[in-house]
Structure formats: structure tokens, C-alpha cells
Amino acid sequence: MNICRFKDKRGEVHVGLVEDSTLLDLKPAGITQLQSLLENDNPVEEINWIARGKLPRLALSDVQLCAPVERQEVWAAGVTYLRSKTARMQESDFSATAYDKVYAAERPELFFKSLPEKVVATGEPVGIRRDAKWNVPEPELVLVMNSKGKIVGHTIGNDMSSRDIEGENLLYLPQAKIYTGSCALGPWIHLGADEATAREWKIRLDIQRSGKSVFTGETSVSQIKRRFEELAEYLFRSQVFSQGAMLLTGTGIVPPETFTLQERDVVEIEITGIGLLRNPVMVV
Ligand code: DO4
Ligand code: MG
């Protein structure tokens, strides 16, 4: 089951239940926020019950999807795939030991990624920094957690990163990772999959330039080293998320060192079981 945020013709944001190429508008049933659904530990049951009522059905192609985040903080985990550890050790002599150690350590790398209002939706531009020379997308599965730290859904995330800034010095990580358009989430939240199901999903990245594919890569969610509940537990340790939180779970697809994004490239991230997140690239 997929739930989304979308704008109606007057620009008002509604919550919808996506069914194939249509969606049911949940507003007439009194659902105006994702968060009220996500606070329920079993939102699928609640939505199935709501969807039995008479609700307006719209074509997905007639609405503008918004990022599926309201007031949740957006965080990210790093170096959770062997591929990410290797790529980062290669990009940086200075920080290589840190990546090696954090991959093996008990405590995961977790960092703040974005305020919710700065997240971009599918179709909106993601950013590459004008002061960076080496920019890449990071296609990542995202855990959607309610205020109790329970994982109630999954979405797709792009943890846009400037590898030259990150590689120069680990202390530059926030500048390499947090800037305008550096986080995309969407197209919606998939509810009802447990960790075993999500681990069967594949993640695909396709980058297009002038209509041609210039990089494709694929990995499997099963390659994530840490259990999802372990990541959620560390995030919620000694910290309250009264509005819930989103956690990007790290990247397992890294383009070759010769590759950098350019303005007007299009980044497509597909996770089987969820859908497709598609964003053009803009210099910021
Ligand atoms: O430590 C750097 C960031 C790691 C990251 O974002 C990832 O592995 O996806
Ligand atoms: Mg990442």
C-alpha cells in the first residue's frame, strides 16, 4: 500500500492512497496529514477501513506529488554497504581509517540530512554545489519511523553528495551533504513491508544526459550490513522525535571516480516494491 502527499488544483496539499495510476483523496475522510496515519502502528488496517468509504478518485497524472514528509526530521546513515566503505576509503587518504572503523564499529554513522521543508519531491530539481567539482547522487532506501521509533513504512531517498568536499576532510561532511536541493524523497511512502520483505528489493540508479543513459548501477537492499531496527534504535537513543523521523540507510551504488553530475542530468532511482524517484539536476 502506497500513501502520498499531493497538491490539488488550488495548490492545497492532500493525503492520498495510490492505487495503480489513480489515487483516492483521503481528505473527505478527515485525513489531512500523513503523520496521523503513521502514528498508528498498523496504518494499513486503518487505511483499508477508510478506503471502504466513498472517496474522490483522481488520475495520478493530474496531480502534483509533494515530498512525503511533513514535520519529520530527515537523518541518514553512512557506510552501511561494503561498496560505500571502499569508495570512501579510495576518495580520501585523510579519512580512510575513519570509514574503515565505522563500517566495523558497533555504533553506526548517523548524521542529520535535512529539515523537512527543504526536501525536494519527485520531479523537482536536486542540487549540485557550484563550489564542488565532483558531485554524485546516492540512491538509498529510507525508513519511515513514527514518534515511538517504530518503522511503519519505507520510501526512496537521494542523499546528494559532493565527493571532493567530503574527501578533503571528514569535518566538511555537513557542507558536502547539506545544501539546497541535497535531499530528495518520494514518490510516496510504502506501508506494510517488514524488514525481510524490504531486503528482497533491488535498488537501481540510472543517470541520463541529453536523453541518453550515462551511468546505471544496481544493488540489493540485502547488502545493508546493519539491521533496520538497530539503525532506528541508535537514532532514537537519547533523542525525542515528537513528529517521527526519516532515515536514509546508506548507498550501495557509487559511480566510477571519473563520473560527476552535470546540470540538466536526470537522476532516476527505482526501488522494486516502492516505485521511482526522478529528479533533474540544477547547479545551486
Ligand atoms: O560518511 C560519509 C557518508 C556516507 C554515506 O552517505 C553513505 O554511505 O551513504
Ligand atoms: Mg549516503
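Fair warning: this is a prediction, and the values are worked out from it, not measured in the lab.

Participant: What is the right way to look at the overall build of the chain in this model?
Facilitator: From N to C terminus, the chain includes 8 helices and 18 strands. Here the C-alpha atoms of the chain give a radius of gyration of 18 Å, agreeing with the 19 Å that 2.2 N^0.38 yields for 284 residues. Each principal axis of the C-alpha atoms in the chain carries an extent, and together these give about 60 × 45 × 30 Å. Across the 284 residues that make up the chain, the buried fraction comes to 57%. When the accessible surface of the chain is split by element, carbon and sulfur atoms take 50% of a total near 12,700 Å². Of note, the chain has its 34 positive side-chain charges centred 2 Å away from the centre of its 39 negative side-chain charges.

Participant: Is there a simple way to think about the site of ligand 1 in this case?
Facilitator: Around ligand 1, a shell composed of 15 residues is seen, among which Val79, Ser84, Glu109, Lys177 and Thr251 lie nearest. Taking Val79, its main chain carries an N or O atom lying 2.8 Å from an oxygen atom of ligand 1. A distance of 3.0 Å separates an oxygen atom of ligand 1 from a polar atom in the side chain of Glu138. Within the complex, the protein chains bury 100% of what would otherwise be the 280 Å² of accessible surface of ligand 1. Elements that contribute at least two residues to the shell around ligand 1 include exactly α3 (82–91), β7 (109–114) and α6 (173–177). The residue makeup of the shell around ligand 1, split by class, is 4 nonpolar, 4 polar and 7 charged.

Participant: When you look at the environment of Ala59 in this model, what are you seeing that I'm missing?
Facilitator: Structurally, the position occupied by Ala59 is in strand β4 (residues 57–59). Taking the C-alpha atoms as reference points, Ala59 and Leu23, separated by 36 residues in sequence, lie 6.4 Å from one another. Residues in contact with Ala59, not counting those within four places in the same chain, are Ser21 and Thr22.

Participant: Sorry if this is basic, but what is going on with the sheet that holds strand β14 (residues 202–209) here?
Facilitator: Note on sheets: strands pair through backbone hydrogen bonds, and any given pair is parallel or antiparallel. Pairing is mixed in the open sheet, where 5 strands are placed in the order β8-β18-β17-β14-β15. Since the sheet does not close on itself, it has two edges, and those belong to β8 (126–128) and β15 (212–220), each with one partner. Looking at each pair of strands side by side, their axes are set apart by 20° on average, direction ignored. Across 6 bridges, the pairing between β14 and strand β17 (residues 266–271) is antiparallel.

Participant: Is there a simple way to think about the pattern of salt bridges in this case?
Facilitator: Think of it this way: side chains of opposite charge can pair up when their charged atoms draw near. Scanning the entire structure with this criterion turns up 21 salt bridges. The shortest N-O distance in the salt bridge between Asp159 and Lys113 comes to 2.7 Å. Placement of Asp159 in strand β11 (residues 151–159) and of Lys113 in strand β7 is noted, with a sequence separation of 46 residues between them. Judged by relative accessible area, Lys113 falls into the buried class, the value being 0%. Its salt-bridge partner being Glu268, residue Arg278 comes within 2.6 Å of it at the nearest N-O pair. Pair noted here: Arg278 is in strand β18 (residues 275–283) and Glu268 is in strand β17, with a separation of 10 residues, a long-range link.

Participant: I'm lost on α3 in this one. Help?
Facilitator: Side chains of residues three or four places apart in an α-helix project in the same direction, reflecting 3.6 residues per turn. When α3 is considered as a whole, its buried residues turn out to be Ser84, Lys85, Ala87, Arg88 and Glu91. Against α4 (96–104), α5 (163–168) and α6 lie the buried residues of α3.

Participant: I'm lost on the coordination of the magnesium ion (ligand 2) in this one. Help?
Facilitator: When a metal holds four donors in a tetrahedron, each ideal angle between them is 109.5 degrees; when it holds six in an octahedron, the ideal angles are 90 or 180 degrees. Of the protein atoms, only Glu138 (OE), Glu140 (OE) and Asp159 (OD) coordinate the magnesium ion (ligand 2), at distances of 2.0 to 2.1 Å. Positions of the donor residues of the magnesium ion (ligand 2), expressed as sequence spacing, correspond to E-x1-E-x18-D. Pair noted here: Glu138 is in the loop between β9 (135–136) and β10 (139–145) and Asp159 is in strand β11, with a separation of 21 residues, a long-range link. Asp159 carries the same exposure label as Glu138, and that label is buried.

Participant: Got a minute to help me understand the packing of aromatic side chains in this structure?
Facilitator: Each aromatic ring pair is described using two quantities: the centre-to-centre distance and the angle formed by the ring planes. Counting across every chain of the model gives 4 aromatic pairs. Both rings, one in Trp75 and one in Phe241, keep their centres 6.3 Å apart while their planes meet at 85°; by these two values the pair is edge-to-face. Here Trp75 is found in strand β6 (residues 73–78), whereas its partner Phe241 is found in the loop between α8 (228–235) and β16 (245–248), with 166 residues between them in sequence. Relative accessible area serves as the criterion here: at 15%, Trp75 is assigned to the buried category. Owing to a relative accessible area of 2%, Phe241 belongs among the buried residues under this scheme. Arranged with centres 4.8 Å apart and planes meeting at 55°, the rings of Phe236 and Phe241 form a pair that is tilted.

Participant: Hey, could you run me through the pairing of strand β1 (residues 2–7) in this one?
Facilitator: Looking down a regular strand, the side chains alternate between one sheet face and the other. Burial within β1 is extensive, with 5 of its 6 residues counted as buried. When β1 meets strand β13 (residues 183–191), the two strands line up antiparallel, connected through 2 bridges. Within the sheet, the bridge partner assigned to Ile3 lies in β13 and is Ile189. When β1 meets strand β2 (residues 13–19), the two strands line up antiparallel, connected through 6 bridges. Bridge assignment links Cys4 to a residue of β2, and that residue is Gly16. Remark: 5 residues form the turn of the hairpin made by β1 and β2, two consecutive strands paired antiparallel; Gly11 in that turn has positive phi of roughly 85°. Here β1 pairs with strand β5 (residues 64–66) via 3 bridges, running antiparallel. Residue pairing for β5: Lys7 is matched across the bridge by Gln64.

The rules we used
- Residues numbered from 1 in each chain as written.
- Chains lettered and ligands numbered in written order.
- Predicted model: local features only at pLDDT ≥ 70, side-chain atom pairs only at ≥ 80, totals over all residues.
- Heavy atoms only, no water.
- Helix = DSSP H or I, 4+ residues; strand = E, 2+ residues; numbered from the N terminus.
- Rg over C-alpha atoms; globule rule 2.2 N^0.38 Å.
- Buried < 20%, exposed > 50% of the residue type's maximum accessible area, 1.4 Å probe, protein only.
- Areas by Shrake-Rupley, 256 points an atom, 1.4 Å probe, with all protein chains shown as cover.
- Lys, Arg positive; Asp, Glu negative; His and termini not counted.
- Charge placed at Lys NZ, Arg CZ, Asp CG, Glu CD.
- Near = heavy atom within 4 Å.
- Polar contact = N/O pair within 3.5 Å; in protein donor to acceptor, adjacent residues only side chain to side chain.
- Nonpolar A, V, L, I, M, F, W, Y, C, P; charged D, E, K, R; others polar.
- Contact = heavy atoms within 4.5 Å.
- Pairing = 2+ DSSP bridges.
- Axes fitted to C-alpha atoms, helices over the stretch in contact; angles between N-to-C directions.
- Salt bridge = Lys/Arg side-chain N within 4 Å of Asp/Glu carboxyl O.
- Donors = N, O, S within 2.8 Å, 3.2 Å for Na, K, Ca; no water.
- Phe/Tyr/Trp six-rings, centres within 6.5 Å; stacked < 30°, edge-to-face > 60°.

Just geometry here; none of it tells us what the structure is for.
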